[in-house]
Every structure is written in C-alpha cells, then in structure tokens.
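Remarks on the overall topology
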Amino acid sequence: KGKVTGIGVFGKPEDQNRAVVLKIDCDDAVKCHEKLKELGMTHSFSEFSPHLTYAYKADEKDAKEFAKKLEKTIGTEFEFSDIIAEAIDEDWINK
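Throughout this description, residue numbers start from 1 for each chain and increase along the sequence as written. Restriction of local features to residues with pLDDT of at least 70 applies here, the model being predicted, together with a cutoff of 80 or more for giving and counting side-chain atom pairs; totals for whole chains, interfaces and linings are based on all residues. With hydrogens and water stripped out, all remaining heavy atoms of the structure feed into the side-chain values.

Concerning the pattern of salt bridges
Definition in use: What counts as a salt bridge is simple: a side-chain nitrogen of Lys or Arg found within 4 Å of a carboxyl oxygen of Asp or Glu. Secondary structure is summarised from DSSP: a helix means a run of H or I of at least four residues, a strand means a run of E of at least two, and numbering begins at the N terminus for each. Exposed residues in this analysis have more than 50% of their type's maximum accessible area, buried residues have under 20%, and partly exposed residues fall in between, with area computed by a 1.4 Å probe over protein chains only.
Summed over the entire model, instances satisfying the criterion amount to 4 salt bridges. Arginine 18 serves as the salt-bridge partner of glutamate 60, at 3.1 Å between the closest nitrogen and oxygen. With glutamate 60 in helix 2 (residues 60–70) and arginine 18 in the loop between strand 1 (2–10) and strand 2 (19–25), this pair connects stretches of sequence that are 42 residues apart. Since its relative accessible area comes to 36%, glutamate 60 is described here as partly exposed. Between lysine 61 and glutamate 65 there is a salt bridge, with the nearest N and O atoms lying 3.6 Å from each other. Remark: glutamate 65 and lysine 61 occur in helix 2; sequence separation between them is 4 residues, near one turn of the helix.

Okay, structure coming up:
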C-alpha cells in the first residue's frame, strides 16, 4: 500500500529525459528497490526517491500543466497488485 504525497519533476529543464512524477510514501516500493540492489541493480542517482512516473520528456510548459492536473491525486491511496519484470530496453529514451 502507498499514498501519493506530492508532485515533482526529476531533471533540469534542458534535460531530454526530464520526468514528471507522483511522489509516494510506499514501504513496498522501498523494499523492492532494496531487494533489486541486493540482486545487483545499479542506478545513477545518489538516493532512491519513491515515485510513480507520469511523463517523460516534459518541457517546462508540459511539466507545469501535468503538475496542475495531478494535484488532485495528492492524498490518494493505492496498492500494487503485481510486479512484472522484463528485460531492459537500452534504447527506451528514444521511444
């Protein structure tokens, strides 16, 4: 179980892979991240920030519009029903 706690934007305005996210409080997401690290997963960020990605490649205008639309989700509770693992697509950013 988890709860949406805020809206955020990961990345700088000039970054091509900038993401609009729902910030979440979710122990299951943190536990999953820790387990993946134990299995050898790496990432390029200094710390894990639990989130659900809403959009990639968002310019400043889109990011503001998305954030305004998503404000109503703050406080929403959710539950994950399944976890699905797939091979990594190394070219994901270009899609």
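This is not the end of the story, as more comes after the structure.
Let's talk about the sheet that holds strand 4 (residues 77–78)
Inclusion rule: Two strands qualify as a pair provided that DSSP identifies no fewer than 2 bridges between them. Here, residues are in contact when the closest pair of their heavy atoms is within 4.5 Å. For every element, the axis is a line fit to its C-alpha atoms; helices are fit only across the contacting stretch, and the angle between N-to-C directions ranges from 0 to 180 degrees.
As summarised here, the arrangement of the 4 strands in space is 3-2-1-4, forming an open sheet in which the pairing is antiparallel. The sheet is open, and its two borders are formed by strand 3 (51–56) and strand 4, each paired with just one other strand. Here 5 bridges tie strand 2 to strand 3, and the two strands are oriented antiparallel to one another. Each residue of the ladder has a partner; that of valine 21, found in strand 3, is threonine 53. Strands in contact with helix 2 are strand 1, strand 2 and strand 3; relative to strand 2, the strand with the most contacts, it is inclined by about 30 degrees.

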